[in-house]
Amino acid sequence: MDVEILGRVLSTLPDDDDHPYRTGPWRPQTTEWKSDDLTVLEGEIPADLDGLYLRNTENPVHPALERYHPFDGDGMIHAVGFRDGKAFYRNRFVKTDGLLAEREANGPLWAGIADRPEKSPRQDGWGARGRMKDASSTDVVVHAGVALTSFYQCGDLYRLDPLTLETLGKSDWGGKFPSCGVSAHTKSDENTGELLFFNYGKDAPYMHYGVVDADDRLVHYTEVPLPGPRLPHDMAFTENYAILNDCPLFWDADLLAKGHHAARFRPDMPTRLGVIPRRGTSAQIIWFEAAPTYVLHFVNAYEEGDEIVLDGFFQGDPEPRDTGDGSFYQRMFRFLALDRMQTRLHRWRLNLRTGQCREERLSESITEFGVLNNTYAGRPNRYAYAASGVEGWFLFNGLVKHDLRTGNEERYTLPEGVYGSEPAVAPRVGSTAEDDGYLVTLTTDMNEDRSECLIFDAARPADGPIARVLLPERVSSGTHATWAPGSAIPGWADADSPAASVGL
């Protein structure tokens, strides 16, 4: 393995830090690496695996003003690239306005998610609630040949060169970028080249929806009126429609009037799912009522006759009560543990002719962070790949392949003390079937103090990894990832070597 340090940031985190989401598997990185010809510890890297696995992680540089939440951490993108049977790695901080301002101040300037906004030394900021730092540390997608990172409570879209991970600036869309920002979980449709997005806030109409075309031009933007401020996190799309949501977990209105942003679940209210033509207006939205829940992530949606089939993760307990069990931090962050939220794969059938919604549970297994072969996004799919969680914590300990047709599940569990990340499906070059390809994920190994990139056969993940590749440093746990095929990366095929393809 050839290793070079590209840069370091000066952290002011305390040496005796005991926060579980800044230590252990969540210990932040401060070094930016480039590493060519990664060491293969086991197996072989398939020659027909061609492209980039991109992953976003939270890497806080400074302590919180009061209470740190893992989603507050500064965004860092990790890229593991594969070409010609070899692999390479690099990671870079997303150079957000917030990161640069706090670097200059040498300390925190904005309150975190678990703090009251008025605690912020600076009165400006981003986010649906305001006065927050846009850490751009939640999600990452590739659109129009550029990697886009985003923040979960709305902010800017930061543009990164996928070949170097250098921050190129922010999406502008010809001066039409929404003033209230864009939520995480923008949707890149590989079949049309479009980017679909939504945003939300505390001012009427409370939500908007938009479309950016394959040339990165904002071509559609419309209001989505809601009864009040809401906290949507994800969306879905089909060939002809986008699906938005109004779940009954949102800020308590009485507390919000006093400046407290406390989310409450209302089991007496239905979940509402809004179907809008992909370039439709608010007058064309059809709202469906479903069982009360909160949906953090959807997997896919597609059209089937008069119905839209929508798959996602139903939370059996969106507001877990404090039982008094576990440590202070386990109790404080019980809303992040999959087992506490009881997240299970679920299906909603939305009939556009009758306006009726039918529901069914697809699995009894507790899983979340579901992904699919993105060439099937918006179209009928058979398989969903998801992560299993460690009881009581926001940590992943394995992978599950859900067969949505038969109900069969294939499971791979990581060794004790080893934690994974959201996987991504990498279709094999020349693939002919939905699961004809590979699963890629990164691990955080607390036993060996290192990280690996694991490659699985997407058709048989339970067999275990077909290749284990060593990374130059232990990577922090984090949130979301994506796969970008080499064909979607400008300049990829023109480079003489895989390393040169990403600017190494």
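The shown structure was predicted, so the numbers you read here are calculated from the model rather than taken from an experiment.

K.L.:
Can you help me understand the overall build of the protein chain in this one?
P.N.:
Scanning the protein chain from terminus to terminus reveals five helices and 35 strands. Relative to the 2.2 N^0.38 estimate, which gives 23 Å for 504 residues, the radius of gyration of the protein chain is 21 Å and therefore close to what a compact globule would have. Dimensions along the principal axes, computed over C-alpha positions, put the protein chain at roughly 55 × 55 × 50 Å. Within the protein chain, buried positions represent 60% of all 504 residues.

K.L.:
Explanation requested: the sheet that holds strand E19 (residues 271-277) in the structure shown.
P.N.:
Spatially, the four strands line up as an open sheet ordered E15-E16-E19-E20, and their pairing is antiparallel. Every other strand in the sheet has two partners, leaving strand E15 (236-237) and strand E20 (286-290) as the edge strands with one partner each. Inspection of the sheet shows strand E16 (residues 241-246) paired to E19 by six bridges, in the antiparallel sense. From the neighbouring strand, Ile243 faces E19, where its bridge partner is Val275.

K.L.:
Is there a simple way to explain the sheet that holds strand E6 (residues 86-93) in this structure?
P.N.:
As a general point, the strands of a sheet are linked pairwise by backbone hydrogen bonds and lie either parallel or antiparallel. Across the sheet, six strands lie side by side as E1-E2-E6-E5-E4-E35; this open sheet has antiparallel pairing. Bordering the open sheet on either side are strand E1 (2-8) and strand E35 (478-485), each of which pairs with just one other strand. Across the sheet, the axes of successive neighbouring strands diverge by a mean angle of 20°, strand direction being ignored. Pairing of strand E5 (residues 75-83) with E6 involves eight bridges; the strand directions are antiparallel. Within E6, the position partnered with Arg83 by the bridge is Lys86.

K.L.:
Please clarify how the pattern of salt bridges should be interpreted in this entry.
P.N.:
Should the charged atoms of two oppositely charged side chains come close, the side chains can pair. Enumeration according to the criterion identifies 44 salt bridges in this entry. For Asp213, the salt bridge goes to Arg217, with nearest N and O atoms at 2.8 Å. When salt bridges with common partners are traced through the structure, they connect Glu32, Arg92, Lys95 and Glu166 into a single cluster.

K.L.:
I would appreciate a short explanation of the nonpolar core in the present structure.
P.N.:
Nonpolar side chains tend to gather and get buried jointly when the protein is soluble and globular. Membership of the largest hydrophobic core comes to 24 residues, with the highest contact counts inside it found for Leu196, Tyr209, Met235 and Leu244. When residues of this core are traced back to their parent elements, those giving at least two are strand E12 (195-200), strand E13 (207-212), E16 and strand E17 (249-251). Those residues within four positions of Leu244 in sequence are excluded, and the remaining contacts are Phe198, Met207, Tyr209, Val224, Met235, Arg272, Leu273, Gly274 and Ile276. One finds Ile45, Val80, Phe82 and Leu442 within the second-largest nonpolar core, a separate group that totals 22 residues.

K.L.:
Can you help me understand the environment of Met1 in this one?
P.N.:
For Met1, the location among the structural elements is in the segment before E1. On the accessibility criterion, Met1 (33% relative accessible area) is partly exposed. Sequence-wise, Met1 and Ala111 are 110 residues apart; in three dimensions their C-alpha atoms are separated by 40 Å. The residues contacting Met1, other than those within four sequence positions of it, are Ser35, Asp36, Asp37, Leu38, Thr39, Leu470, Leu471 and Pro472.

Analysis parameters
- Residues numbered from 1 in each chain as written.
- Predicted model: local features only at pLDDT ≥ 70, side-chain atom pairs only at ≥ 80, totals over all residues.
- Heavy atoms only, no water.
- Helix = DSSP H or I, 4+ residues; strand = E, 2+ residues; numbered from the N terminus.
- Rg over C-alpha atoms; globule rule 2.2 N^0.38 Å.
- Buried < 20%, exposed > 50% of the residue type's maximum accessible area, 1.4 Å probe, protein only.
- Pairing = 2+ DSSP bridges.
- Axes fitted to C-alpha atoms, helices over the stretch in contact; angles between N-to-C directions.
- Salt bridge = Lys/Arg side-chain N within 4 Å of Asp/Glu carboxyl O.
- Core = buried A, V, L, I, M, F, W, Y, C linked by side-chain atoms within 4.5 Å.
- Contact = heavy atoms within 4.5 Å.

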